[in-house]
Amino acid sequence: MALVVQKYGGSSVATPRHMRSVAERIVRSRKAGDDLVVVVSAPGDTTDDLIALARQVAEHPDEREMDVLLATGEQQSIALLAIAIKDLGFDAISFTGPQVGIITDEFHGKARIVKIGDEKIHRALKLGKIVIVAGFQGQTADEDITTLGRGGSDLTAVALAAALPADLCEFYKDVDGVFTANPRIVPDARKIEALSYEEMLEMASAGAQVLNARSVEFAKKNGVRIHVRSSLNDNPGTTIQEETAGMEDALITGVTYSKDECKLTVLGIRDKPGIAAAIFRPLAAAELNVDMIVQDVSEAGINNLSFTVAKGDLREARKVLEGVAKELNASGIQVDEGIAKVSVVGVGMRSHSGVAAQMFEALARADVNIGMISTSEIKISVVIPEADVETAVRALHAQFRLGASS
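Residues numbered from 1 in each chain as written. Predicted model: local features only at pLDDT ≥ 70, side-chain atom pairs only at ≥ 80, totals over all residues. Heavy atoms only, no water.

Q: Requested: an account of the overall build of the protein chain, with residues and values cited.
A: Looking only at helices and strands, the protein chain has 11 helices and 20 strands in total. For the protein chain, long-range pairs separated by at least 24 residues make up 75% of all intrachain contacts whose partners lie at least 6 apart in sequence. A total of about 18700 Å² of accessible surface is found on the protein chain, and carbon and sulfur atoms cover 48% of it. Charge centroids of the protein chain, computed over 43 positive and 56 negative side chains, lie 3 Å from each other. (Helix = DSSP H or I, 4+ residues; strand = E, 2+ residues; numbered from the N terminus. Contact = heavy atoms within 4.5 Å. Areas by Shrake-Rupley, 256 points an atom, 1.4 Å probe, with all protein chains shown as cover. Lys, Arg positive; Asp, Glu negative; His and termini not counted. Charge placed at Lys NZ, Arg CZ, Asp CG, Glu CD.)

Q: Talk me through the pattern of salt bridges; I want residue IDs and the actual numbers.
A: With the rule as written, the count across this model stands at 18 salt bridges. Across the pair aspartate 35 and arginine 30 runs a salt bridge whose closest N-O atoms are separated by 4.0 Å. A residue is classified by how much of its surface remains accessible, and arginine 30, at 18% relative accessible area, is buried. For aspartate 291, the salt bridge identified is with lysine 341, shortest N-O distance 2.5 Å. Of the two residues, aspartate 291 sits in the loop between helix H8 (275-285) and strand S15 (293-295) while lysine 341 sits in strand S18 (residues 339-345), which places them 50 residues apart along the sequence. (Salt bridge = Lys/Arg side-chain N within 4 Å of Asp/Glu carboxyl O. Buried < 20%, exposed > 50% of the residue type's maximum accessible area, 1.4 Å probe, protein only.)

Q: Can you lay out the side chain of threonine 156 for me, pointing to particular residues and giving the numbers?
A: Relative to the assigned elements, threonine 156 resides in helix H5 (residues 152-163). Since its relative accessible area comes to 0%, threonine 156 is described here as buried. Setting aside chain neighbours within four positions, we find threonine 156 in contact with Val39, Ile102, Ala134, Gly135, Phe136, Gln137 and Leu148.

Q: With reference to specific residues and values, describe the sheet that holds strand S14 (residues 261-270).
A: On the basis of which strands lie adjacent, the open sheet formed by 4 strands has the order S15-S16-S14-S17 and antiparallel pairing. In this open sheet, the two strands that pair with only one neighbour each are S15 and strand S17 (332-336). Here the strands of the sheet are splayed against their neighbours by 15° on average, with no regard to which way each runs. As defined by bridge partners, S15 adjoins strand S16 (residues 302-310) across 3 bridges and the pair is classed as antiparallel. (Pairing = 2+ DSSP bridges. Axes fitted to C-alpha atoms, helices over the stretch in contact; angles between N-to-C directions.)

Q: Residue-level account of the nonpolar core, with values.
A: Generally speaking, a soluble globular protein has its nonpolar side chains buried in company with each other. With 41 residues, the main nonpolar core has Val37, Ile121, Cys169, Met200, Leu211 and Ile226 as its most contacted residues. It is H5 that provides the largest number of residues to this core, a total of 6 residues. (Core = buried A, V, L, I, M, F, W, Y, C linked by side-chain atoms within 4.5 Å.)

Q: Describe in detail the packing of aromatic side chains, supporting the description with residues and values.
A: Taken as a whole and assessed by the stated rule, the structure comprises 2 aromatic pairs. Ring geometry for tyrosine 8 against tyrosine 172: centres 4.8 Å apart, planes inclined by 10°, an arrangement best described as stacked. Linking tyrosine 8 in strand S1 (residues 3-8) with tyrosine 172 in strand S9 (residues 168-173), this pair joins segments that are 164 residues apart in sequence. Neither residue differs from the other here; tyrosine 8 and tyrosine 172 are each classed as buried. Ring centres of phenylalanine 280 and phenylalanine 307 lie 5.3 Å apart, and the angle between their planes is 70°; this geometry places the pair in the edge-to-face category. One end of the pair, phenylalanine 280, is in helix H8; the other, phenylalanine 307, is in strand S16, and 27 residues separate them in sequence. The class for phenylalanine 280 is buried, based on a relative accessible area of 18%. For phenylalanine 307, a relative accessible area of 0% puts it in the buried group. (Phe/Tyr/Trp six-rings, centres within 6.5 Å; stacked < 30°, edge-to-face > 60°.)

Q: I'd love a proper account of the packing of helix H10 (residues 355-365) against helix H11 (residues 389-399), names of residues and values included.
A: Put simply, H10 and H11 touch, their axes get as near as 9 Å, and they point 130° apart. Considered as vectors, H10 and H11 are oriented oblique to each other. The interaxial crossing formed by H10 with H11 has right-handed handedness. Of the residues in H11, those touching H10 at Gln358, Met359, Ala362, Leu363 and Arg365 are Ala392, Ala395, Leu396 and Gln399. In the contact of H10 with H11, the residues fall into 6 nonpolar, 2 polar and 1 charged. (Parallel < 35°, antiparallel > 145°, perpendicular 65-115°, else oblique. Left-handed = near helix turned anticlockwise from the far one by under 90°. Nonpolar A, V, L, I, M, F, W, Y, C, P; charged D, E, K, R; others polar.)

Q: Break down the packing of H8 against helix H9 (residues 314-328) for me, with residues and values.
A: In a pair of packed helices, the angle between the axes and the distance between the axes together describe the arrangement. Running from amino to carboxyl end, H8 crosses H9 at an angle of 150°, the nearest separation of the two axes being 9 Å. Between H8 and H9 lies a crossing of right-handed hand. On H9, the residues touching Ile275, Ala278, Ile279, Pro282 and Leu283 of H8 are Ala317, Val320, Leu321, Val324 and Leu328. Of the residues assigned to the contact of H8 with H9, the class counts are 10 nonpolar, no polar and no charged.

Q: Pulling in residues and values, what's your account of helix H3 (residues 63-87)?
A: With 25 residues, H3 should reach 36 Å at 1.5 Å per residue; the first-to-last C-alpha distance of 37 Å fits that figure. Buried residues of H3: Met66, Asp67, Leu70, Ala71, Gly73, Glu74, Ser77, Ile78, Leu81, Ala82, Ala84 and Ile85, and no others. At the N-terminal boundary of H3, the capping side chain belongs to aspartate 62, with an oxygen 3.1 Å from the backbone nitrogen of arginine 64. Residue glycine 89 follows H3 closely and has a positive phi angle near 95°. (Expected span 1.5 Å × (residues − 1). Polar contact = N/O pair within 3.5 Å; in protein donor to acceptor, adjacent residues only side chain to side chain.)

Q: Can you explain the sheet that holds strand S20 (residues 379-385)? Please cite residues and give values.
A: Reading across from one edge, S13-S18-S20-S19 is the order of the 4 strands in this open sheet, with antiparallel pairing throughout. Pairing within the sheet leaves two strands with one partner each, and these edge strands are strand S13 (254-258) and strand S19 (372-376). Looking at each pair of strands side by side, their axes are set apart by 20° on average, direction ignored. Pairing geometry for S13 and S18, over 5 bridges, is antiparallel. Looking across to S18, one finds that tyrosine 257 is bridged to valine 342.

Q: Summarise helix H6 (residues 197-205); cite the residues concerned and give the values.
A: Those residues of H6 not exposed but buried are Tyr197, Glu199, Met200, Glu202, Met203 and Ala204. Where H6 terminates, the next one or two residues include glycine 207, which has phi positive at roughly 125°.

Pasting the structure below:
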C-alpha cells in the first residue's frame, strides 16, 4: 500500500460534473489500495471572480482581507469533493490549510511555508479516510489566514508529500503531461516521459504553466517524486525526478515562453559602484522578483539599467523605482509591457556546445528581434516582442528537432 498525494487544479473541479468525475477517479485509486491525500484548487475561475469582486469594492483591496476572501474558493472545492466521495460510499474528510497546520510567514498574497503538520492527516488516514486538503492557503503564527500566490496549490501538494512523507505526488491536469512546447502553438509537440528537477524548474520559471516553479524547487530540495498526468484518461504522464545519465543525450528538452513579463528601465544613472545595489535592494525588500538584467555601455559616465518583472508586480515595482530614481537623480523610468520571454531548456547543454548560436540563427531566420539575453547552465532565454512569440516558439522547436515526427 502506497501513500499518494494527488493534486487537482481548478479546471478539473470547475463544474459539478467535473467534481463527480474527480471523486470517481479518487475512489478508483482508493480501491487499488492506496492511502490518499488530495489537494484541490478553487473551482474554475473562482479566484479570479473573487479578485474582481473585491476590486468592485475597493481599487486597492487590503492584502490581509484579500487572503481571507480568496481562501474561501478552495474551501468550496474540498467540501464539495468530500460530499461527492461520501456519496460514492467511501469515507472522506476535508481540511483547510490552517486545520492541517500549514504555517507560513506574514507576506499576504505570496506567503512562504515555514512548517507543516502531519498528525491530523495521519490520524484520519489510520481511520481509513480519504483526506481532502485545501490548496493555496495557510496561516501565520498569529493565526491570520494567508495565501501562497498563484499556483500555490501545487506548493501545498508538494509540501504535504514531503511532510508525510508520501511515496508519490501526482498532479492531474487537463493535459497528458509536460510537452516539448505548448501543443496549441506547435501541433507536433510531443509529451516528455521524464524530466529532471532542474529542467522542470527552469521550464516552470521560464513560463511553462504545467507546474508552479516554487513547488518544483520544494520537490527538488526534499526529493519528492512527481508524476504529471491527465485527469481525463489513465495514460502515463511525465515523471519528474533526479537527473539520470540518459537525460543528457538530448540537446534540448523543450521550448517555453512567458507573456507575463514587462521591462523596466532606469534612465540616466551614474556609472559608479553601488548604483545597482541601490536599485535592487529596495525591490528585494518589497519581495519583488527580478528576472533578466541588462546595463547599457556607459557613455560619459551615464548608464541605463533594464530588468524584467512579472506584469502582476509592475505597479509595486514602479512605485519602488520612482523613489529610487529620485534618490539617484536618474532622468526617468521607462516601462515596456509589450515584451515576452522565450527559452530553450535542456540538461544536454552541459555537454554540448553551440546551442546559443543555433537559437539566435533560428530567430534571425524567422525575423525575430532579440532585446535581452540571459543564460544558466541548462537554459537560454531571450526577450522579444510579444507579437513574435508564436513565430519564435515554432522556429526554435523546429531548429532543435523536438517534434513527434523528427
